[in-house]
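Chain by chain, the residues:
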Amino acid sequence: WTDELNVRSVILRILLSVMLAAIIGCERSSKRHSAGLRTFILVSLASTTAMLTDLYLCRSATEGFPLISAAAVVGAAMISVNAILFSSTTAAALWSCGLVGMALGAGLYTVASISFLALFSSLALFPPIERYMKDNSNHFEIHLELKSKGNLQYFVTTVRSLGIRIEDIESNPAYLNSGLSVY
């Protein structure tokens, strides 16, 4: 009955979608990320609903194309792009959660379960490893605010005299006309 498109399987798919997205959303909320519980639930629920709608339309029409679920992928990607302004990890997690929802909507329970476990592990278990790697890295970024562009050369000369190699210097255009030169 879970593979068929009936009321019980639809309820199961939606409940699983909400439950799994809630777990991811709680993990993100507990770390005070921009997208939390409700955002993850909504993205997953929309993706699951889109896939269920596509399945229904494809089965009831002679020629059907999964257009609504494709639009859901695009929608999740657009939400994710907006979330990148806050956190690229959150953006990728939103997009991934939407795809887990689509897998559930399609009745691919094994794919959804394994994807969910991989997503949750990436978010909950890997940050300590990532933090360790960053803390032990010999590369770092500096946010530099100068009153004039001329001071950049003095900074570069001083840093190089300390034996530190500079790989890249980028000007931050967000501070144009602010009176500061930001690199």
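In what follows, the structure referred to is the one given above.
Since the model is a prediction, treat every value here as computed from it, not as a measurement. (Residues numbered from 1 in each chain as written. Predicted model: local features only at pLDDT ≥ 70, side-chain atom pairs only at ≥ 80, totals over all residues. Heavy atoms only, no water.)

Chemist: Describe the layout of surface pockets, with residues and values.
Modeler: Rolled over the atoms, a probe as big as a water molecule pinpoints where empty space is left. Taken as a whole, the largest pocket holds about 800 Å³ of empty space. Contributing to the lining of the largest pocket are 20 residues, with F140, E141, I142, I166 and D168 lying nearest its centre. With 3 residues, the top contributor of residues to the lining of the largest pocket is helix α7 (residues 150-161). Counted by class, the lining of the largest pocket contains 11 nonpolar, 4 polar and 5 charged residues. Put simply, the second largest pocket is a space of about 190 Å³. Around the second largest pocket, the lining residues are R28, T89, S122, L123, F126, P127, E130, R131 and K134. (1 Å grid on protein atoms, 1.4 Å probe; cavity = no way out; pocket = protein on both sides within 12 Å on 5 of 7 lines; lining within 4 Å. Points joined across faces, edges and corners; volume = space filled by probe spheres on them. Helix = DSSP H or I, 4+ residues; strand = E, 2+ residues; numbered from the N terminus. Nonpolar A, V, L, I, M, F, W, Y, C, P; charged D, E, K, R; others polar.)

Chemist: Can you lay out helix α2 (residues 37-60) for me, pointing to particular residues and giving the numbers?
Modeler: The terminal C-alpha atoms of α2 lie 34 Å apart, and with 24 residues this matches the ideal 34 Å at 1.5 Å per residue to within 8%. Residues of α2 that are buried include every one of F40, I41, V43, S44, S47, T48, A50, M51, L52, D54 and L55, and no others. (Expected span 1.5 Å × (residues − 1). Buried < 20%, exposed > 50% of the residue type's maximum accessible area, 1.4 Å probe, protein only.)

Purely geometric numbers; function is a separate question.
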